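Each chain, letter by letter, is given below.
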Amino acid sequence: MMNSRESGPGSENTLPGDERAVVLATRNQGKIREFERLLAPFGLTVWGLDRFADLADVEESGSSFAENALLKASTVSLATGRVALADDSGLEVDALDGAPGVFSARYSETEGRKATDEANLQKLLRELAHVPPGRRTARFRCCMAAATPAGASILAQGSWEGSITLEAAGSNGFGYDPVFFDPECSRTAAQMSGEEKNARSHRAKAVAALLQQWEAFWQEWLARRGG
């Protein structure tokens, strides 16, 4: 059962409420840091689910990135009583008919063994072992949702075109970044700085599209709260 009790120094009993804080529906520290950078120019503070000890992970049971993003944002917003952000993103490889797609984070999962970034990456390279460079086109896709406890929501998406390398390169980023090659930059996503990646990435594009809707969404929420 999900509830909104915070733990540790972030407890509402020990800290004043941060009216500009939004909850990002993830415990992935790499993703939290990325969203902190993306949202900082808009005066927003990002809290991850690690601040909420009793929140269980939301099962990604949707059949599309958009369904999963809305499901996670709505569930976390109701549980925390705050505006929540969620993204569902993944890699679509043309030679694999769009796989791993919505299963990107769980691509290497087997019975009794959870997926890891490294295992996912290695499975992808094995699946593409006999696919020549010219047919390894792919894209990162992101659907980004925001939801309020009152049930309002907004949704946006972005994509990043590239291809899959023959081997991993670079140590920045996370997930499939070491094998995702951007032809315009001639580097993998893991070889880019955080600033370079944020200027090009699917998440950056989805966040930018979401923030075009943000002001009306945020003002409606403040009005409902009497703020």
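Please refer to the structure placed before this passage.
Here's what I pulled together on the structure shown here. (Residues numbered from 1 in each chain as written. Predicted model: local features only at pLDDT ≥ 70, side-chain atom pairs only at ≥ 80, totals over all residues. Heavy atoms only, no water.)

## As for the sheet that holds strand E5 (residues 153-164)
Working step 1: What the 7 strands build is an open sheet, ordered E2-E1-E3-E4-E5-E6-E7; its pairing is mixed. Of all strands in the sheet, those with a lone pairing partner are strand E2 (45-47) and strand E7 (187-188), marking the two edges.
Working step 2: Where helix H2 (residues 65-80) meets the sheet, its contacts fall on strand E1 (21-24), strand E3 (84-93), strand E4 (137-147) and E5, and the angle it forms with E3 comes to roughly 160°.
Working step 3: Across the face of the sheet, helix H5 (residues 202-211) comes into contact with E3, E4 and E5 while running at roughly 155° to E5. (Pairing = 2+ DSSP bridges. Helix = DSSP H or I, 4+ residues; strand = E, 2+ residues; numbered from the N terminus. Contact = heavy atoms within 4.5 Å. Axes fitted to C-alpha atoms, helices over the stretch in contact; angles between N-to-C directions.)

## A few points about the state of the cysteines
Working step 1: The final tally for this structure, using the stated rule, is 0 disulfides.
Working step 2: The thiol sulfur of Cys 142 is not disulfide-bonded, and the nearest other cysteine sulfur, from Cys 143, lies at 6.7 Å.
Working step 3: Judged by relative accessible area, Cys 142 falls into the buried class, the value being 0%.
Working step 4: Cys 185 takes part in no disulfide bond, and the closest cysteine sulfur to it belongs to Cys 142, at a distance of 19 Å. (Disulfide = S-S within 2.5 Å. Buried < 20%, exposed > 50% of the residue type's maximum accessible area, 1.4 Å probe, protein only.)

## Quick notes on the environment of Leu 24
Working step 1: Along the polypeptide, Leu 24 turns up in strand E1.
Working step 2: The buried category is assigned to Leu 24, whose relative accessible area is 1%.
Working step 3: For the pair Leu 24 and Cys 142, spaced 118 residues apart in the sequence, the C-alpha separation amounts to 14 Å.
Working step 4: For Leu 24, the contacting residues outside a window of four places in its chain are Lys 31, Ile 32, Phe 35, Val 46, Trp 47, Gly 48, Leu 49, Leu 85 and Met 144.

## A few points about the layout of surface pockets
Working step 1: Space inside the largest pocket adds up to approximately 1,000 Å³.
Working step 2: Thr 26, Asn 28, Lys 31, Glu 60 and Ala 105 are the residues nearest the centre of the largest pocket, which is lined by 35 residues in total.
Working step 3: Among the elements that take part in the lining of the largest pocket, E3 stands out by supplying 5 residues, more than any other.
Working step 4: Residues that form the lining of the largest pocket fall into these classes: 11 nonpolar, 9 polar and 15 charged.
Working step 5: In this structure, the second largest pocket occupies an estimated 160 Å³ of space.
Working step 6: As for the second largest pocket, its lining consists of Gly 30, Arg 33, Glu 34, Arg 37, Asn 172, Gly 173, Phe 174, Ala 189, Met 192, Ser 193, Gly 194 and Lys 197.
Working step 7: Where the lining of the second largest pocket is concerned, the elements lending two or more residues are helix H1 (29-39) and helix H4 (194-200).
Working step 8: The dominant element in the lining of the second largest pocket, judged by the number of residues it contributes, is H1, at 4 residues.
Working step 9: Grouping the constituent residues of the lining of the second largest pocket by class yields 3 nonpolar, 5 polar and 4 charged. (1 Å grid on protein atoms, 1.4 Å probe; cavity = no way out; pocket = protein on both sides within 12 Å on 5 of 7 lines; lining within 4 Å. Points joined across faces, edges and corners; volume = space filled by probe spheres on them. Nonpolar A, V, L, I, M, F, W, Y, C, P; charged D, E, K, R; others polar.)

In short, the description is geometric, and any link to function would need to be established separately.
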